[in-house]
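Structural characterization, general
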Amino acid sequence: MAGLGVPELLIILAVVLLVFGVGRISRIGSELGKGISAFREGVREGSQEDDEKDTSEIEA
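Below is a summary of the structure that appears in this document. (Residues numbered from 1 in each chain as written. Predicted model: local features only at pLDDT ≥ 70, side-chain atom pairs only at ≥ 80, totals over all residues. Heavy atoms only, no water.)

Examining the overall build of the protein chain
Spelled out, the test is: Per the convention used, a helix needs a DSSP run of H or I reaching at least four residues, while a strand needs a run of E reaching at least two, with both numbered from the N terminus. Residue burial considers only the protein chains on display, and all accessible areas are found by Shrake-Rupley using a 1.4 Å probe.
Across its full length, the protein chain holds 2 helices and 0 strands. Of the roughly 5,500 Å² of accessible surface on the protein chain, 63% is carried by carbon and sulfur atoms.

So this is what it looks like as structure tokens:
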């Protein structure tokens, strides 16, 4: 089974553009970026809460 080369990726990109259209793809990309950003923020907050719990357990 061979990997995907440049010609195959260009064909896939063309098909995706035909199916979804440029406007919808840009919206999907924007929403995906917002989702990744929110996920990272949630992970960061969870990590900070874990650090705070660890510190309070040590002090007690």
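Still more to cover.
What to know about helix H1 (residues 6–20)
In plain terms, the rule: Multiplying 1.5 Å by the helix residue count minus one yields the expected span of that helix.
Its 15 residues place the ends of H1 21 Å apart at the C-alpha level, agreeing with the 21 Å of an ideal helix rising 1.5 Å per residue. A positive phi of about 85° marks Gly21, the residue just after H1.

Notes on the pattern of salt bridges
Filter applied, for reference: Here, a salt bridge means any side-chain nitrogen of Lys or Arg that lies within 4 Å of a carboxyl oxygen of Asp or Glu. For each residue, the accessible area found with a 1.4 Å probe, counting protein chains only, is set against the maximum for its type, and the residue is called buried under 20%, exposed over 50%, and partly exposed in between.
Considering all chains together, one arrives at 1 salt bridge under this definition. Between Glu31 and Lys34 there is a salt bridge; the shortest N-O distance is 3.9 Å. Placement of both Glu31 and Lys34 in helix H2 (residues 22–59) is noted, with a separation of 3 residues, approximately one turn of the helix. On the basis of relative accessible area, Lys34 is assigned to the exposed category, the value being 53%.

Considerations on a nonpolar patch on the surface
The line we're drawing: Like-charged residues within 9 Å of one another, or nonpolar side chains (Val, Leu, Ile, Met, Phe, Trp, Tyr) within 5 Å, are grouped into patches, provided each residue has over 30% relative accessible area and no salt bridge.
Nonpolar side chains collect at one region of the surface, where Leu4, Leu9, Ile11, Ile12, Val15, Val16, Leu18, Val19, Phe20 and Ile28 lie side by side and expose about 960 Å² of accessible area between them. Ranked by the residues each element gives to the nonpolar patch, the list is headed by H1, at 8 residues. Counting through the fold element by element, Ile12 comes out in helix H1. Note on Ile12: relative accessible area 42%, which makes it partly exposed.

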